[in-house]
Amino acid sequence: MKNHIHIVFLFSQLFLILSLGGFVSCTKEKKVYIVYLGEHNGDKTLKEIEDHHCSFLHSVKATSSKEHVRASLVHSYKNVINGFSALLTPQEADMISGMEGVISVFHSDPYEIKPHTTRSWDFISLLEGTSLINSREELLQNASYGKDVIVGVMDSGVWPESSSFNDEGMEPVPKSWNGICQEGVAFNASHCNRKLIGARYYLKGYEAIAGPLNETRDFRSPRDVDGHGTHTAGTVGGRRVANASAIGGFAKGTATGGAPNVRLAIYKVCWPVPDQSLAEGNACVMDDILAAFDDAIADGVHVLSISLGSQPKSTYYTENSIAIGSLHAVKRNIIVACSAGNDGPTSSTVGNVAPWIITVGASSIDRVFSSPIMLGNGMIVEGQTVTPIRRRRLHPLVYAGDVEIRGTTASNTTGECLPGTLSRNLVRGKVVLCMNRGRQASMEVKRAGGVAAILGNPFNEIQVTPFLDPTTVVFSYSLNTILTYIRTEKYPMATLLPGNTLIGTKPAPVMASFTSKGPNIVDLNILKPDITAPGFNILAAWSEASSPLKIPEDRRVVKYNMQSGTSMSCPHVSAVIALLKSIHPDWSSAAIRSALMTTSTINNVVGRPITNATGNDANPFEYGAGHFRPSRAVDPGLVYDATYTDYLLYLCSQNKSLDSTFSCPEKVPAASNLNYPSLAIANIRGSSRTVTRVVTNVGKDNSTYVLAVRSPPGYVVDIVPKTLRFSKLGEKHSFNITVRAQSIIEKRREFSFGWYTWIDGVHVVRSPIAVSSA
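The residue count restarts for each chain, going from 1 along the sequence in the order it is written. Thresholds applied to this predicted model are a pLDDT of at least 70 for local features of residues and 80 or more for the giving and counting of side-chain atom pairs; totals over whole chains, interfaces and linings are not thresholded and use all residues. Neither water nor hydrogens contribute to the side-chain values; these are computed over all heavy atoms in the structure.

Engineer: Give a detailed account of the packing of aromatic side chains, specifying residues and quantitative values.
Structural biologist: Two aromatic rings, drawn from Phe, Tyr or Trp (for Trp, its six-membered ring), form a pair once their centres lie within 6.5 Å of each other, and the interplanar angle then sorts them: stacked below 30 degrees, edge-to-face above 60, tilted otherwise. Tallying each qualifying case throughout the model produces 16 aromatic pairs. With 6.3 Å between their ring centres and 15 degrees between their planes, F514 and F536 make a pair best called stacked. Taken together, the positions of F514 in the loop between β25 (500-503) and β26 (531-534) and F536 in the loop between β26 and β27 (538-541) put the pair 22 residues apart, joining distant regions of the chain. We classify F514 as buried; its relative accessible area is 0%. Within the aromatic cluster, the residues linked to one another by ring pairs are Y316, Y317, W356, Y647 and Y650. For a lysine, the NZ atom is tested; for an arginine, the CZ atom; a charge sits over a ring if that atom is within 6 Å of the ring centre and within 35 degrees of the ring normal. Its guanidinium or amino end placed over the ring of F219, R223 lies 6.0 Å from that ring's centre, counting from NZ or CZ. The lysine or arginine in question, R766, covers the ring of W755, its NZ or CZ lying 4.4 Å from the ring centre. Think of it this way: any DSSP run of H or I at least four residues long counts as a helix, any run of E at least two long counts as a strand, and we number them from the N terminus. Classification of residues uses two cut-offs on accessible area relative to the type maximum, computed with a 1.4 Å probe and protein chains only: under 20% is buried, over 50% is exposed, and between them is partly exposed.

Engineer: Which residues make up the sheet that holds strand β33 (residues 715-720), and what are the values?
Structural biologist: We treat two strands as partners when DSSP finds at least two bridges between them. Taking strand neighbours across the sheet as the criterion, the 4 strands line up as β29-β31-β35-β33 in an open arrangement whose pairing is antiparallel. Only two strands of the sheet have a single partner each, and these edge strands are β29 (638-639) and β33. When strand β31 (residues 688-697) meets strand β35 (residues 732-741), the two strands line up antiparallel, connected through 9 bridges. Note that in β35 the partner of V694 across the bridge is S734.

Engineer: Go over the environment of T757, please, and point to the residues and values.
Structural biologist: Within the secondary structure layout, T757 lies in strand β36 (residues 752-759). In this structure T757 comes out as buried when scored by relative accessible area, which is 9%. Spatially, the C-alpha atoms of T757 and V709 are 6.3 Å apart, while their sequence positions differ by 48 residues.

Engineer: Which residues make up the nonpolar core, and what are the values?
Structural biologist: Of all hydrophobic cores here, the largest spans 61 residues; its most connected members are M154, L304, L308 and W356. The element contributing the most residues to this core is helix α10 (residues 286-299), with 8 residues. By definition, residues are in contact when any of their heavy atoms lie within 4.5 Å. Not counting chain neighbours up to four residues away, the residues in contact with M154 comprise Y267, V269, I289, A292, F293, L304, S305, I306, S307 and L308. Within this scheme, the nonpolar core is defined by two criteria: the residues are buried Ala, Val, Leu, Ile, Met, Phe, Trp, Tyr or Cys, and they are joined through side-chain atoms within 4.5 Å. Core analysis: the second largest hydrophobic core is formed by 44 residues, F187, L196, C570 and A591 among them.

Below is the structure:
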């Protein structure tokens, strides 16, 4: 079992729960639907808004009483977003979808959206380059550590007592803040302070589907019982906390968020799946998420960090609450960063693909947790763990496939240490080698009486897990070495050695195996993800109501915990966005995204191309424009800007609308013409395609940029003009990019990748290219 499921909260079992009635709606026929109407124009009172929303329900429930109709209303969005959610039959939802003023009606799916740091910030500074050795501290000072920026975090809540959220020495709450500190179970107004300036929770949609919250499993309040929300909030804006570490003392150091003085506003939208452990699932219901967007925009947040998402489908733009809510946010220049998802390494799995969202993939840092195995012949084999291990004497070593209960495994599952498969008589007192890296394998070895487990890992990375019992994880080549030793030694023996934290390992970064990949299945002409950041074995604050493994058998309590996922990489980028927002308050969301993307790097710390978990060179479908370099993004030279209208025009190219007041022109610009910092062109018709880009000078008054191009294999990229001259800041210049397929190339769906770069001697403004001919 993959370790990152503790962050991803996989929903493969949730469908089964739904089908068996474990996660049911209030009736068998009715479901919660979101009715999206666009935006409020400000001429109605709150009562008039709710009455208007109820009028839609009255029209399809004509035989019901007014009380029954109003009782079917779940959420009425009244601040910025115009719409509501309600319990409807499919027939009623279909009737409402045809009414005047309705943009879209869609099911609030309870399992579609799921929740997808000591060393990481120091590692990011390494990628800035030797000329910027003190760049991180300079960036923080220039941004006043983000003190006036408000970051909203949509997740599973917060553990307010964590030292990461203390407000010692912080200035008063910004006067622009309009939000509240919503009280509830084990959470009152005193839990908010000058760091945690606001908190809300959203349960109506969840309870309309699942019934009343089981309050033995979660708090009816913003308090976090899971840990995920506390971890992401701490990564964004946790204060500096000395001597923080994971259980066992691993990764010990000063824990800090990327912007230690930003203000945090918590929006709890995720809750436990009924009858499942926290390790197996969390439900983040779409109509609750849209309600959180509506509040956050009105509350006055500047940045939204959302480590949630789903694999998109064709109706993504009009039937996804994150896509809809984030467009309303971006219209008000609120920057939205989202995780790309943890469904890799499969292609076409990237989520949160709206071009107005900054989408973040996950990569590693230069830290590992070494826990070697010593074999009976004296050989030392590399392993990794964050499980505390006391040095032990040698014990007999066996391969799991040789000590199984007959008939409990098949040819494709033998050796995996699946639950109930190991023989107590054959395992007791032994070290067991398993072809499985999950926690269940370690627990099965313990159940059968084994003294330690060695787990195999197929990738060039190891997501460490704080196992309950002595366990280490090895790479596939080490696993083969151990297996050969078992087969050739008459009395094989082994012992696990205590683990250590090692800094400076190379190569780094490496793309995580789980990070979701492009191409973007909603629109191949928008390259996603946008960027990558640390999301692998990240230490951050944790809920003391949740154990490290989040399973009933684990009763340990920790203040900091190690997690992996794009859920961890997203808040790294959100923190830097907050710092950039502090330095450049007039920059748009698109300008900040452009600055991050065009200053990123595609090389690791040793100057070689970033690789993926299989050891091959990664590409833009994995890392987008590259690994972000925060200090360089402060001064990108040129930016690719875009407005709310540009996004509406883009939606016209998709035959979609999210704003009923906007009319598409007769001639709609192609999707590839959106002024994006990357270029993707799918299905080049004929021999060529030409698109336009516009750059704005944010560097120096008098500057000249010259072009460098690396065409994708099989194509020729021609850009005109090849020189851009600027006389003042804010000046804009456009250029045309023509991509031609070479005559010998066959029509193919596979994408080829290249780059184009504008250089003025100080700034390097690089954009990735992804093209296909079919």
